[in-house]
Amino acid sequence: MGEYRHGGGTSMGIAARKLFFGVFPCISAVFLLSWFVVIRSSTARPSFLDHAFLPTVTTLSVVKSDIPLQQQLSTPSSFSTRARAILVDDDTKPEKINNIVSTTTNLDAGPKPVNEDKPIIRPEIRATSTNGDVKCNAESSLKPPQQQQLKVFMYDMPPEFHFELLGWKPEKPGRVWPDIKTHIPGYPGGLNLQHSIEYWLTLDLLASEFPEIPRAGSAIRVRNSSEADVLFVPFFSSLSYNRYSKVNPHQKRSRNNVLQDKVVKYVTSQPEWKRSGGRDHLVMAHHPNSMLSARMKLWPAMFVLSDFGRYPPNVANVEKDVIAPYKHVIKSYVNDSSEFDTRPTLLYFQGAIYRKDGGLARQELFYLLKDEKDVHFQFGSVKKGGIHKASRGMHASKFCLNIAGDTPSSNRLFDAIASHCVPVIISDEIELPYEDVLDYSEFCVFVKTSDAVKEKFLINFIRSIKKEEWTRMWTRLKEVERFFQFQYPSVEGDAVQMIWQAVGRKVPGIRMKINRARRYSRFAVTDTHRDGTGRGGGAGRRSRHNIRTPKNFW
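Predicted model, so just to flag it, every value in this text is computed and none were measured.

Regarding its fold elements, the chain presents 14 helices and 17 strands. Of all 554 residues assigned to the chain, the portion counted as buried reaches 47%. Put simply, 65% of the contacts in the chain that link residues at least 6 apart link residues at least 24 apart. Surface summary for the chain: the accessible area is close to 29800 Å², and the carbon and sulfur share equals 55%.

In structure tokens form, the structure reads like this:
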């Protein structure tokens, strides 16, 4: 029995091994073939998308050789189509591609060549295909087409919220705005000016209603709120904080806090706010301490800020809000013909040295740099001619330090730009104006705080930047300084127009969020008692109501 079982087991084992060696090659072949198909499908050009079913829109403009480019680009567009991908076939001649991408989007003025050596503003996108791969590059275009003009509805809020804070009194009862054709109320000087963005934007909107006032036209005021892209709240919040944040002896609350409460009550009671939940409203809060209480109630709106340093991320963030530049307070360097060798100071800083929070690096850098022979690192303020001294010092310096203080940003960066003094930015959390279209690395030097405070690191790094590289950045500074200039009337490419354009680039995202929030706003199922009291269970019925805005909507 034992031998029989042993022989039978041996026969079965031989048969199993033969079966295994016969089936295994087949399975292996099928496995390798399947992997070959998968790898090929992932690397080959996708063929499952039929472009015949795609709608013809200006968001994706396919350039065809048999249709003139001017005719293809003349399709009306909105803010949602600022960036267009122009797909060019492989057989397109290089000179034709250059002609396509070297024209501005201002079709009324005709094609204009763009300097390829100065790619500062980049709203136009070029896509060229090379061996099946798509590569996108950005080109310069400063002036948007006329049809992309931002439409702004400005509330006629009482003067106590804006020009009355400047001492203006209405000439007639019921008058809201000053007659800017005859008199423009002045804005206080000194450090008040650095957060005066609210003043310049409001003046620009008022001027848009008078054709005889020469101004650039990135934004216009409309009287019908349903036609507007954004709704503007004209509260001079920074001025209110600077002038009226202290509580006087006869007051229980400061005038600034009272005005904030009034602003919240006024704006949130408007049908326009209720219609969108405030998402399409524009609120100015450029001073870091302005709107301290109101910001927590108006958070769905788009804020115009200097940075996000004192805001929780669900209240203010780069997705929904706009970062605007400070107005520089030092004197602009007009007719600057200086050179690398004619600016004797290598590195310049003058200001408050002992700060809290992220500004602790200032103190450390002071002790590291104060004894360097060609470095100016001193305490300074606006008192006793401080602004005049800073103007002379920056104009005579190659590099100017911009170190984080109590907040990530400061006016010092924009003073440096106006002085054509190459900014050295040591602020890890800083947000910069128009950075979605402006490459700051072309005219600024960025250093991480952890590196800057290492002994000899910063000074050795700055000394390593030679004349040629410094001259290139200095030249860029002179080209971009107008983007940070505030003036009235506003001119093309200045800070006012750049801010309006930055707001315009937020409009598509605002519209998408408003539309998404309306998906289920027509009706909702509620468990309501048949007698309408809301008591008890049983069969529910549908009732129409507006869905509340989630707290973490953004």
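Pairing within the open sheet is parallel, and its five strands lie in the order S12-S11-S13-S14-S15. Edge positions in the sheet fall to strand S12 (375-379) and strand S15 (445-446), since each of these pairs with one other strand and no more. As paired strands, strand S13 (residues 397-403) and strand S14 (residues 422-426) are joined by five bridges and run parallel to one another. Pairing of Asn-402 across the sheet is with Ile-425, part of S14. Where helix H8 (residues 360-369) meets the sheet, it contacts strand S11 (345-351), S12, S13 and S14, and its direction lies at approximately 130° from that of S12.

Before going further, it helps to spend a moment on the packing of helix H5 (residues 237-244) against helix H6 (residues 255-268). Running from N to C, H5 and H6 point in directions that differ by 150°, and their axes come no closer than 8 Å. Our classification of the angle between H5 and H6 gives roughly antiparallel. Here Ser-237, Ser-240, Tyr-241 and Tyr-244 of H5 lie close against H6, whose contacting residues are Arg-255, Asn-256 and Leu-259. Split into classes, the residues belonging to the contact of H5 with H6 amount to three nonpolar, three polar and one charged.

Trans is the prevailing form of peptide bonds, just as negative phi is the prevailing case for residues other than glycine. Look at the link from Tyr-488 to Pro-489: it is a cis peptide, with omega at -5°. On the secondary structure map, Pro-489 appears in the loop between helix H13 (467-480) and helix H14 (495-517). The phi dihedral of Asn-335 is positive, around 55°, even though this residue is not glycine. Inspection of the secondary structure puts Asn-335 in the loop between strand S10 (322-323) and S11. Taking the relative accessible area as the measure of exposure, Asn-335 reaches 72% and is therefore exposed.

Another point: H6. For H6, with 14 residues, the first-to-last C-alpha span of 20 Å sits near the 20 Å given by 1.5 Å per residue. Residues of H6 that are buried: Asn-256, Leu-259, Gln-260, Val-263, Val-264 and Val-267. The buried residues of H6 occupy an angular sector of 140° when projected down its axis, which confines them to one face. The inward-facing, buried residues of H6 abut strand S7 (230-233), H5, helix H7 (271-276) and strand S8 (281-284).

So, on to the side chain of Asn-317. As for its placement among the helices and strands, Asn-317 is situated in the loop between strand S9 (302-305) and S10. Separated by 3.0 Å, the side chain of Asn-317 and the backbone oxygen of Pro-313 make a polar contact. In terms of polar contacts, Asn-317 uses its side chain to reach the backbone amide nitrogen of Lys-320, at 3.2 Å.

Thresholds, definitions, all that
Residues numbered from 1 in each chain as written. Predicted model: local features only at pLDDT ≥ 70, side-chain atom pairs only at ≥ 80, totals over all residues. Heavy atoms only, no water. Helix = DSSP H or I, 4+ residues; strand = E, 2+ residues; numbered from the N terminus. Buried < 20%, exposed > 50% of the residue type's maximum accessible area, 1.4 Å probe, protein only. Contact = heavy atoms within 4.5 Å. Areas by Shrake-Rupley, 256 points an atom, 1.4 Å probe, with all protein chains shown as cover. Pairing = 2+ DSSP bridges. Axes fitted to C-alpha atoms, helices over the stretch in contact; angles between N-to-C directions. Parallel < 35°, antiparallel > 145°, perpendicular 65-115°, else oblique. Nonpolar A, V, L, I, M, F, W, Y, C, P; charged D, E, K, R; others polar. Expected span 1.5 Å × (residues − 1). Arc of directions from axis to C-beta. Polar contact = N/O pair within 3.5 Å; in protein donor to acceptor, adjacent residues only side chain to side chain.

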